Amino acid sequence: MSTDARRRYASAAFITLLILSLSWPSPIVSANRLWLDRDLAVDELSFLGREAPSWDVVFFCLAGLLALAILQSGEVRDWRATLRRSIAWNPGALCRRPARWAAAALAGALAVALTWFLLDAPVLAWAERIRSDTTQALVRGINRFGGGMNPPMIVLFFAVAGVAYRTPRWIRYAAAMALAALGAGAVAHILKFLVGRARPELWLGPFHYARGAANSFPSGHTVGAFALAGVLLFASKSLPLRIIALLLAVAAGLARILAFRHWTSDVVASALLGLMAAWVAVRVLSAPPPAADGRPRG
């Protein structure tokens, strides 16, 4: 079997695992209801990585088996050399065209301010009007995609598969995703503490502030989703992959609004923060220069 075919099978298996993670532990709950009728510590509302760790072990065993299968089907030889050939550290890229960075930051701040004053209350009213059991179930599933163990799983898949199949661009995706998510996440936590904005679910209004765990600005789920999706948007040459990444990130942000956990301006600011972090990560972790024989390393 060719390397391309193995990559396709590994990708399909990982997508299946990702879909399973969104519903976990519902398969166990459903099977128990049909055949065993035992008293379990989980139900359909349980969330992978949040409740009943003993049942999560089963899922992570499946994930581990997939990782072992990828490593076994690939060619893991001299993985350090593979990593060196995949990524070049290029911090000087951040110093180029500072005027564009300043203009982008100013435009982003203006967009967030306008959203804050013009759209926060109307969009929340719209979310209330369309609220139903169906929308809540859909929002619950999308929220699971943006949180818990799913973002780290995506990064680890690109890293493990990239090393196993000697695919430098996958390794660069993984490194850039990790850097973007960590950097944007750190900034988001600082902003949460400084801004102290109340969440919509507290029904205090879009301009009320509350210190503590109720901080709403920005949205950590949305920051992470756009940080990961942004790497694919800026680095991948695959149009379908870029479209899917963007749609999933937008869905994650919209779900936070429909769940009454964040205002629209929270989500807009978070998306811009995630995209900016992804842009920086892609530029800083670029492909290595061509080898001595003129062939590209990455």
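Residues numbered from 1 in each chain as written. Predicted model: local features only at pLDDT ≥ 70, side-chain atom pairs only at ≥ 80, totals over all residues. Heavy atoms only, no water.

### Examining the side chain of Arg-197
One can find Arg-197 in the loop between α9 (168–195) and α10 (220–235). In this structure Arg-197 comes out as buried when scored by relative accessible area, which is 0%. A polar contact is formed between the side chain of Arg-197 and the side chain of Asp-266, at a distance of 2.8 Å. (Helix = DSSP H or I, 4+ residues; strand = E, 2+ residues; numbered from the N terminus. Buried < 20%, exposed > 50% of the residue type's maximum accessible area, 1.4 Å probe, protein only. Polar contact = N/O pair within 3.5 Å; in protein donor to acceptor, adjacent residues only side chain to side chain.)

### A word on the confidence of the model for the chain
The predicted model of the chain has a mean per-residue pLDDT of 82, with 86% of residues at 70 or higher. Considering only residues more than four positions removed or in separate chains, one finds that residues 292–298, a stretch of pLDDT under 50, has 13 contacts. (pLDDT = per-residue confidence, 0-100. Contact = heavy atoms within 4.5 Å.)

### With respect to the side chain of Thr-222
Note on placement: Thr-222 falls in helix α10. Other than its neighbours up to four places away in sequence, Thr-222 contacts Ala-252, Gly-253, Arg-256, Val-267, Ser-270 and Ala-271.

### Observations regarding the packing of aromatic side chains
Tallied over the full model, the rule gives 9 aromatic pairs. Relative to Tyr-173, the ring of Phe-158 has its centre 5.7 Å away and its plane inclined at 85°; by these criteria the two rings are edge-to-face. Taken together, the positions of Phe-158 in helix α8 (residues 150–164) and Tyr-173 in helix α9 put the pair 15 residues apart, joining distant regions of the chain. Sitting over the face of the ring of Trp-116, Arg-197 holds its NZ or CZ atom 3.9 Å from the ring centroid. The ring of Trp-279 has Arg-283 lying over it, and the distance from NZ or CZ to the ring centre is 3.7 Å. (Phe/Tyr/Trp six-rings, centres within 6.5 Å; stacked < 30°, edge-to-face > 60°. Lys NZ or Arg CZ within 6 Å of the ring centre and 35° of its normal.)

### A look at a nonpolar patch on the surface
Residues Leu-110, Leu-114, Phe-117, Leu-118, Leu-119 and Phe-207 make up a contiguous nonpolar surface patch of roughly 640 Å² in combined accessible area. Of note, Leu-110 is situated in helix α5 (residues 98–118). Residue Leu-110 is classed as exposed on the basis of its relative accessible area of 52%. (Patch = residues over 30% accessible without salt bridge, like charges linked within 9 Å, V, L, I, M, F, W, Y side chains within 5 Å. Areas by Shrake-Rupley, 256 points an atom, 1.4 Å probe, with all protein chains shown as cover. Salt bridge = Lys/Arg side-chain N within 4 Å of Asp/Glu carboxyl O.)

### Focus: the nonpolar core
Ranked by internal contacts, the top residues of the largest apolar core, which has 45 residues, are Ile-70, Ile-154, Phe-157, Phe-158, Met-177 and Val-231. Contributions of two or more residues to this core are made by α1 (3–23), α3 (53–73), α8, α9, α10, α11 (239–258) and α12 (264–284). Apart from residues lying up to four places away in sequence, Val-231 is in contact with Tyr-173, Ala-176, Met-177, Ala-180, Ser-236, Ala-278 and Val-282. One finds Ala-127, Val-139, Ala-255 and Phe-260 within the second-largest nonpolar core, a separate group that totals 7 residues. (Core = buried A, V, L, I, M, F, W, Y, C linked by side-chain atoms within 4.5 Å.)

### Concerning the packing of α3 against α8
Packed helices, taken two at a time, are described by their axes: the angle between them and the distance between them. Where α3 contacts α8, the axes come no closer than 9 Å and their chain directions differ by 25°. One finds that α3 runs roughly parallel with respect to α8. In this structure, α3 contributes Phe-59, Ala-67, Ile-70 and Leu-71 to the contact, and α8 contributes Met-153, Phe-157, Val-160, Ala-161 and Ala-164. Here the residues of the contact of α3 with α8 are counted per class, giving 9 nonpolar, no polar and no charged. (Axes fitted to C-alpha atoms, helices over the stretch in contact; angles between N-to-C directions. Parallel < 35°, antiparallel > 145°, perpendicular 65-115°, else oblique. Nonpolar A, V, L, I, M, F, W, Y, C, P; charged D, E, K, R; others polar.)

### Regarding α9
In a regular helix each residue adds 1.5 Å, so 28 residues correspond to 40 Å; α9 covers 40 Å between its end C-alpha atoms and thus fits that length. When we look at burial in α9, the residues that qualify are Pro-168, Trp-170, Ile-171, Arg-172, Tyr-173, Ala-174, Ala-176, Met-177, Ala-180, Ala-184, Ala-188 and Lys-192. Taken from the residues just after α9, Gly-196 is the one with a positive phi, measuring 65°. (Expected span 1.5 Å × (residues − 1).)

### Digging into unusual backbone geometry
Trans peptide bonds make up most of the peptide bonds, and negative phi angles are found at most residues other than glycine. Residue Pro-218 is reached from Phe-217 by a cis peptide bond, and omega for that bond is -5°. Looking at the secondary structure, you find Pro-218 in the loop between α9 and α10. Even without being glycine, Arg-166 reaches a positive phi, approximately 50°. Inspection of the secondary structure assignment puts Arg-166 in the loop between α8 and α9. For Phe-260, which is not a glycine, the phi torsion comes out positive at approximately 60°. Tracing the sequence through the fold places Phe-260 in the loop between α11 and α12.

### Things to note about the environment of Ala-159
With respect to the secondary-structure elements, Ala-159 resides in helix α8. By relative accessible area, Ala-159 is classed as partly exposed at 28%. Distance in space between the C-alpha atoms of Ala-159 and Trp-170 is 6.5 Å, their sequence separation being 11 residues. The residues touching Ala-159, leaving out its near neighbours within four places in the chain, are Ile-171 and Ala-174.

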